[in-house]
Structure formats: C-alpha cells, structure tokens
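# Chain and residue survey
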Amino acid sequence: MCLAIPAKVAKLEEGNLATVDILGVSREISVDLTPQAQVGDYVLVHAGFAIEVVDEQFAQETIELIKQFPELADLDGQPALA
C-alpha cells in the first residue's frame, strides 16, 4: 500500500528539490508538482514528489493517525516511530 505522508519543508534547493522532515527523518523530494511550496509549508509526499500543499492542522491530524499505525510509517525498512 502506498500513502501520501505529510512532511514539513525545511529547505528549498535548486532544480525544484526540497529537503523535508517526514516524522523526524530528512528526505530530499521534488517540488515539481507544487512550485508554490515554501519553507515551513506542509506538503503531502508520495513516491518522492510533493503532490499537494496542505494546512498544518490537516498535516498534524494525519501524522497523529499514522502514529497509531507505525507499520505505515516504515521508511526504507527502518521504522520511523519507536
């Protein structure tokens, strides 16, 4: 199963790339689909792409749901939540 997970944009970089924080893990993603994303925004990340900018309340509610099912937050084989 694939999910879009909320992430906070920490840094925008050249080439439409961004560094984001996903449940405490830093990742580099593409913001080609969300050029309006700014540092501090929350985006939904799917398959390495930010697919939508979302408000903080939605992001936090979704993160709380994900925390209830830690197996959904398995990033690169390493559980993000312990």
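Structure shown above.
Here's a quick rundown of the structure.

About the cut-offs
- Residues numbered from 1 in each chain as written.
- Predicted model: local features only at pLDDT ≥ 70, side-chain atom pairs only at ≥ 80, totals over all residues.
- Heavy atoms only, no water.
- Pairing = 2+ DSSP bridges.
- Helix = DSSP H or I, 4+ residues; strand = E, 2+ residues; numbered from the N terminus.
- Contact = heavy atoms within 4.5 Å.

### Comments concerning the pairing of strand β3 (residues 25-30)
Where strand β2 (residues 17-22) lies against β3, six bridges are found, and the strand directions are antiparallel. Pairing of Leu 17 across the sheet is with Ser 30, part of β3.

### Observations regarding the pairing of β2
Moving residue by residue along a regular strand, the side chains alternate between the two faces of the sheet. Bridge count between strand β1 (residues 5-13) and β2: five bridges; the pairing is antiparallel. Bridged to Lys 11 within β2 is Thr 19. The turn joining β1 and β2, which pair antiparallel and follow one another in sequence, is formed by three residues; a positive phi near 75° is taken by Gly 15. If you look at the hairpin formed by β2 and β3, you'll find two residues sitting between the two strands, and Leu 23 has a positive phi there, around 50°.

### Concerning the side chain of Thr 34
Secondary-structure assignment places Thr 34 in the loop between β3 and β4 (42-46). Setting aside residues no more than four positions away along its own chain, Thr 34 makes contact with Ala 50, Ile 51, Glu 52 and Val 53.

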